[in-house]
Amino acid sequence: MNVLHLHFSDFCRFAIESKVFPQLTANLTGLQAGHYTQDDIADMIAYAKARGIRVVPEIDLPGHARGLLPLEASGLHFCGGPSNPTRSQIYDDPDNQSYALLSKLITEIASLFPDNVMHVGSDETRVLGDCTLKNTAGLEHSIFMLLDKLGKRPMAWVNALTTTHVATPNTILGTWATVYGMPPLVTGDNYSCVGSTYMYLNKITGTVGSYTNYWRDIADGVNSSNMHLMLGGEVSMWTDDYCYIHQCGSSTGATPTAASFYGPDADTLFAKSIAGVLFPRTFVGAGSFWNYNSSFNAMSPGFVKEMGLQTARMMKRGLDTCPNNCTCDLLTRCGEPYSNTTMS
């Protein structure tokens, strides 16, 4: 894998220091403590570059924006207004206050990342009060135009094509749903595509030796004349199941499965948990992206043996991964629950 898609803003927080809007991280204390300074970001990019890895940032807009609530007092408007306790989608107000704030923030954050691609989300918006589909599309369009002025190629989730219809010819679209917006549709409409439809690691599981969920042809059904638009694939690991409450208050629901790993005191447990889900599943996904071969049986003893050797190599190099002949999920590894006593 040679790209880190850094999804740094969502329901729970805006996770990068802003010197233009320091209030975004000023109140991240206690259970919510933790963010990247701008120096941290520079170090991350340098570390990645030395290893041939690009860092593509994502500021998720206009939905998934509850982490921007600290800007409400400065004029950022949310759908439903202050009386909406679960507000998490930005309203493009007629006085242009929301866009004025967002343009300053996006401009600052874009300057921290040398990569020419910037992801701006555009997924899972909804119609609520003054936040009509037209209003949301207008805000997304303005953001796309801003990225163009900043010299950044916009990337967004496929909803920018299928819902708001604001994707520009230069937009890279990420697929994530099996009902609409699959790679054949996206490339058929002449858009560049990154496929992650089958690669949401937090949604798919597998037992020991079962890799069929991750050995997929992400370009299945793409016309050969459009194959140049298929830029690659993405393995996604969303952390909704680690939130301390359901989607950090942006909607109501049951307490997430691994909520006890949310706070900074549980960072070690969280790291072990997420590593066990990421690896070796990500190895399989990466292999299918680079060199999918339909004749390979991901359940065959030979395939499982090769993955076992790869896992052993990565563990020898110091990577934390789910061990061979073992099943790992959010709460357990090899049948044992994660706890502070097992992390030593």
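Since the structure is predicted, the reported quantities are computational estimates derived from the model, not experimental observations. (Residues numbered from 1 in each chain as written. Predicted model: local features only at pLDDT ≥ 70, side-chain atom pairs only at ≥ 80, totals over all residues. Heavy atoms only, no water.)

Caption draft 1: How the structure looks around the overall build of the chain. From N to C terminus, the chain includes nine helices and nine strands. Compactness check: the chain gives a C-alpha radius of gyration of 21 Å against a globular reference of 20 Å for 344 residues, within 12% of the reference. Dimensions of the chain along its principal axes, counting C-alpha atoms only, are 65 × 55 × 40 Å. Considering the chain as a whole, with its 344 residues, one finds that 50% of them fall into the buried category. In the chain, the share of contacts with a sequence separation of at least 24, taken over all contacts with a separation of at least 6, comes to 63%. Averaging the coordinates of the 22 positive side-chain charges in the chain and doing the same for the 30 negative ones gives two points 7 Å apart. (Helix = DSSP H or I, 4+ residues; strand = E, 2+ residues; numbered from the N terminus. Rg over C-alpha atoms; globule rule 2.2 N^0.38 Å. Buried < 20%, exposed > 50% of the residue type's maximum accessible area, 1.4 Å probe, protein only. Contact = heavy atoms within 4.5 Å. Lys, Arg positive; Asp, Glu negative; His and termini not counted. Charge placed at Lys NZ, Arg CZ, Asp CG, Glu CD.)

Caption draft 2: Structural view of helix α4 (residues 133–149). The end-to-end C-alpha distance of α4, which contains 17 residues, comes to 25 Å, matching closely the 24 Å that a straight helix rising 1.5 Å per residue would cover. Here α4 has its buried residues at N135, T136, A137, L139, E140, I143, F144, L146 and L147. Structurally, α4 contributes buried residues whose contacts are with β2 (54–61), α3 (97–110), β3 (117–121), β4 (153–157) and α5 (159–162). The first or second residue beyond α4 is G151, which carries a positive phi of 80 degrees. (Expected span 1.5 Å × (residues − 1).)

Caption draft 3: Region of the structure containing the sheet that holds β2. If you walk across this open sheet you meet the seven strands as β1-β2-β3-β4-β5-β6-β7, and the pairing is parallel. For this open sheet the edge positions go to β1 (3–9) and β7 (230–233), each flanked by a neighbour on one side alone. Neighbour-to-neighbour, the strand axes of the sheet open up by a mean angle of 25 degrees, direction not taken into account. Sheet topology places β3 next to β4; three bridges connect them, and they run parallel. Opposite H119, over in β4, you have M155 as the bridge partner. (Pairing = 2+ DSSP bridges. Axes fitted to C-alpha atoms, helices over the stretch in contact; angles between N-to-C directions.)

Caption draft 4: Quick peek at the environment of A156. Positionally, A156 belongs in strand β4. A156 sits in the buried class, given a relative accessible area of 0%. Taking C-alpha positions, A156 is 21 Å from S250, a pair spaced 94 residues apart along the chain. Every residue in contact with A156, bar those within four places of it in the chain, is listed here: H119, G121, S122, F144, T171, I172, L173 and G174.

Caption draft 5: Molecular detail of the pattern of salt bridges. Taken as a whole, this structure holds four salt bridges when the rule is applied. Of the charged contacts in the structure, one is a salt bridge between D320 and K272, with a shortest N-O distance of 3.3 Å. Residue D320 is found in the loop between α9 (301–316) and β8 (332–333), and its partner K272 is found in helix α7 (residues 267–278); the two are separated by 48 residues along the sequence. Judged by its relative accessible area of 24%, D320 falls in the partly exposed class. In this structure, R333 engages D320 in a salt bridge whose closest nitrogen and oxygen atoms are separated by 2.9 Å. One end of the pair, R333, is in strand β8; the other, D320, is in the loop between α9 and β8, and 13 residues separate them in sequence. (Salt bridge = Lys/Arg side-chain N within 4 Å of Asp/Glu carboxyl O.)

Caption draft 6: Summary view of unusual backbone geometry. That bond from L61 to P62 is cis: its omega, -5 degrees, falls within 30 degrees of zero. When you line up the elements, P62 lands in the loop between β2 and α3. The residue after F279, namely P280, is reached through a cis peptide bond having omega 10 degrees. With respect to the helices and strands, P280 occurs in the loop between α7 and α8 (281–291). Here S122, not a glycine, exhibits a phi torsion of approximately 70 degrees, which is positive. Following the sequence through the fold, S122 ends up in the loop between β3 and α4.

Caption draft 7: Fine view of the state of the cysteines. With the rule as written, the count across this model stands at four disulfides. Each sulfur of the disulfide joining C12 and C248 lies 1.8 Å from the other. The sign of the S-S torsion, about 80 degrees, decides the handedness of the disulfide formed by C12 and C248: right-handed. Residue C12 is located in the loop between β1 and α1 (23–26), and its partner C248 is located in the loop between β7 and α7; the two are separated by 236 residues in the primary sequence. Looking at C248, the relative accessible area reads 5%, which means it is buried. Between the sulfur atoms of C326 and its disulfide mate C334 the distance is 1.8 Å. Its torsion about the S-S bond being -125 degrees, the disulfide of C326 and C334 is classed as left-handed. Disulfides within the chain link the bonded cysteines, taken in sequence order, as 1-4, 2-3, 5-7, 6-8. (Disulfide = S-S within 2.5 Å.)

Caption draft 8: Quick peek at the packing of aromatic side chains. Scanning all chains against the criterion turns up 11 aromatic pairs. Aromatic side chains W215 and F303 sit 5.3 Å apart centroid to centroid with 70 degrees between the ring planes, which places their arrangement in the edge-to-face category. Within this pair, whereas W215 is found in the loop between β6 (192–195) and β7, its partner F303 is found in helix α9, the two being separated by 88 residues in sequence. The two residues W215 and F303 agree in class, both being buried. Within the aromatic cluster, the residues linked to one another by ring pairs are Y211, W215, Y292, F296 and F303. Its end group placed over the ring of Y47, R51 keeps NZ or CZ at 3.5 Å from the ring centre. Sitting above the plane of the Y198 ring, R216 keeps its charged end 4.1 Å from the centroid. (Phe/Tyr/Trp six-rings, centres within 6.5 Å; stacked < 30°, edge-to-face > 60°. Lys NZ or Arg CZ within 6 Å of the ring centre and 35° of its normal.)

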